[in-house]
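Single-letter residue listing:
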Amino acid sequence: MKIGVTGANGLLGRSIVGALQQLPKMEIRALVRQLPRVESHPRTDWLLGDLARPEDCRAFVAGLDVVLHCAHKNSPLTSDGDWAQDARLNLIPALNLLGAIEGAKRCPHLIYPSSGGAVYGLSRAGVPFRESDPCLPENSYGIQKLAVEHYLRVFAERELLTATVLRIGNAYGWLLAPDRSQGFIGTAINRVLHGQPVRLIGDPHNVRDYVYVDDILSAIFKVLEGRRGFEVFNVGSGVGASVMDILALIERKIGEPPLVHVETVVGAYRLPPWCVLDITAANQQLGWHPRVSLEEGIIRMLDTAASSSASSQPVHRPADSDVLCPVRR
């Protein structure tokens, strides 16, 4: 099977490439705008290119059986800063990719990691979101994700591809740069390990559905077993946790409450107060369910990061160089 991964330098993209390399009979093509410093792999081709260029998209999709479209820029907090630029960064590249797929005439299967929070909008009195619920995104990030979902639906209806959309909750499992605005668990653990206060952005009582990276990968593997047409699945834990709950779990592990610093960030007040996913469909139709609880995931990250830390200073790196917390198998 020939599988292509866009955004292969990103957190999820790199995790997917690493996991695919462990599977036999997988030929991997990883599209990046900057070649990473990685060891060569006999079944992995790192392709330098940009989805903004149609010719690069055509070179990327040639001969592929499966495409994992992970490339995306901006976050819910930053996407509203320039709406037109957000479309240029995310929607136009996705359309270039789909145009190249149409031109290749191979009808591959495309797996799209969408957002399990931003596409839904505000919840109805604390009821977990189901895939059939109305999608009313509150920011440009969610609008772009949902727009790509609809393009995939139309392309699937026209039999130009088949597609599976995975609406993923708040993904975690990576140790992240301490000044990053997205990925609370990863940034919080980095700061705790280096004696820095944890940044609190927005209401610390906001509830989210956190899902560990290993569980996301297992959902993707389930899809690779064979899907047809156009399908949408929530991928989360099915359980809500607030920022305060996460801080309590970290405190339970390290034996003392973490220092915190409340920060005012433009747009934080627009973040929805509650978002939990109903994962019944993924369980019944894919045979998938999460295996790593939030407490276990945080313990794994703290143990792994503490044992591998070689410096007493925080890691300051750009977004494309975030440190991965090794996945346990």
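Look a little higher up for the structure.
Described in the following lines is the structure provided in the data block.

## A word on the environment of glutamate 296
Part 1 of the reasoning: Counting through the fold element by element, glutamate 296 comes out in helix H9 (residues 294–308).
Part 2 of the reasoning: Using a relative accessible area of 33% as the deciding quantity, one classes glutamate 296 as partly exposed.

## Quick look at the nonpolar core
Part 1 of the reasoning: Formed by 65 residues in total, the largest nonpolar core has its most connected members in Val5, Ile16, Leu68, Phe184, Ile185, Leu294 and Ile298.
Part 2 of the reasoning: A per-element tally of this core places helix H6 (residues 213–224) first, with seven residues.
Part 3 of the reasoning: If we skip the residues at most four places from it in the chain, valine 5 touches Gly13, Ile16, Val17, Leu20, Arg29, Ala30, Leu31, Phe60, Leu68 and Cys70.
Part 4 of the reasoning: Membership of the second largest hydrophobic core comes to 23 residues, among which are Phe60, Tyr112, Ala156 and Val232.

## What about the packing of helix H3 (residues 83–104) against helix H4 (residues 140–157)?
Part 1 of the reasoning: With their axes 10 Å apart at the nearest point, H3 and H4 run at an angle of 15 degrees to one another. The angle between H3 and H4 places the two elements in the roughly parallel class. Seen along the crossing, H3 lies across H4 with a hand that is right-handed. Between H3, through Trp83, Asp86, Ala87, Leu91, Ala94, Leu95, Leu98 and Glu102, and H4, the contact on the second element is made entirely by Ser140, Tyr141, Ile143, Gln144, Ala147, Val148, Tyr151, Leu152 and Phe155.
Part 2 of the reasoning: Looking at the contact of H3 with H4 residue by residue, the classes come out as 13 nonpolar, two polar and two charged.

## Focus: the pattern of salt bridges
Part 1 of the reasoning: Across all of its chains, the model carries 11 salt bridges by this definition.
Part 2 of the reasoning: Taking the shortest distance from any N to any O, the salt bridge between glutamate 157 and arginine 153 comes out at 3.4 Å. Taken as a pair, glutamate 157 and arginine 153 lie in helix H4 at a separation of four residues, close to a single helical turn.
Part 3 of the reasoning: Judged by relative accessible area, arginine 153 falls into the partly exposed class, the value being 29%.
Part 4 of the reasoning: Close ionic contact of aspartate 214 with arginine 300 constitutes a salt bridge, the shortest N to O distance being 3.4 Å. With aspartate 214 in helix H6 and arginine 300 in helix H9, the pair connects residues that are 86 residues apart, well separated along the chain.
Part 5 of the reasoning: The buried category is assigned to aspartate 214, whose relative accessible area is 10%.
Part 6 of the reasoning: Judged by relative accessible area, arginine 300 falls into the buried class, the value being 15%.
Part 7 of the reasoning: Residues participating in the shared-partner salt-bridge network are Asp214, Glu296 and Arg300.

## Points about the environment of lysine 222
Part 1 of the reasoning: Topologically, lysine 222 is positioned in helix H6.
Part 2 of the reasoning: Take lysine 222: its relative accessible area is 27%, and that puts it in the partly exposed class.
Part 3 of the reasoning: In this structure, the C-alpha to C-alpha distance between lysine 222 and tryptophan 288, residues 66 residues apart in sequence, is 7.0 Å.

## Remarks on H4
Part 1 of the reasoning: The terminal C-alpha atoms of H4 lie 26 Å apart, and with 18 residues this matches the ideal 26 Å at 1.5 Å per residue to within 8%.
Part 2 of the reasoning: Among the residues of H4, Ser140, Tyr141, Gly142, Gln144, Lys145, Leu146, Val148, Glu149, Leu152, Phe155 and Ala156 are the ones counted as buried.
Part 3 of the reasoning: Those residues of H4 that are buried lie in contact with H3, strand S5 (109–115), strand S6 (162–168) and strand S11 (230–235).
Part 4 of the reasoning: Looking at the residues trailing H4, positive phi occurs at glutamate 159, about 60 degrees.

## Quick look at the side chain of serine 242
Part 1 of the reasoning: One can find serine 242 in strand S12 (residues 241–242).
Part 2 of the reasoning: With a relative accessible area of 6%, serine 242 lands in the buried category.
Part 3 of the reasoning: Aside from chain neighbours lying at most four places away, what touches serine 242 is Pro204, His205, Asn206 and Val207.

## Observations regarding the side chain of lysine 145
Part 1 of the reasoning: If you trace the backbone, lysine 145 turns up in helix H4.
Part 2 of the reasoning: Comment: no salt bridge for buried lysine 145; closest opposite-charge side chain is glutamate 149, at 8.2 Å.
Part 3 of the reasoning: In this structure lysine 145 touches His72, Tyr112, Pro113, Ser114, Ser115 and Val119, once residues within four positions along its chain are discounted.

Thresholds, definitions, all that
- Residues numbered from 1 in each chain as written.
- Predicted model: local features only at pLDDT ≥ 70, side-chain atom pairs only at ≥ 80, totals over all residues.
- Heavy atoms only, no water.
- Helix = DSSP H or I, 4+ residues; strand = E, 2+ residues; numbered from the N terminus.
- Buried < 20%, exposed > 50% of the residue type's maximum accessible area, 1.4 Å probe, protein only.
- Core = buried A, V, L, I, M, F, W, Y, C linked by side-chain atoms within 4.5 Å.
- Contact = heavy atoms within 4.5 Å.
- Axes fitted to C-alpha atoms, helices over the stretch in contact; angles between N-to-C directions.
- Parallel < 35°, antiparallel > 145°, perpendicular 65-115°, else oblique.
- Left-handed = near helix turned anticlockwise from the far one by under 90°.
- Nonpolar A, V, L, I, M, F, W, Y, C, P; charged D, E, K, R; others polar.
- Salt bridge = Lys/Arg side-chain N within 4 Å of Asp/Glu carboxyl O.
- Expected span 1.5 Å × (residues − 1).
- Lys, Arg positive; Asp, Glu negative; His and termini not counted.

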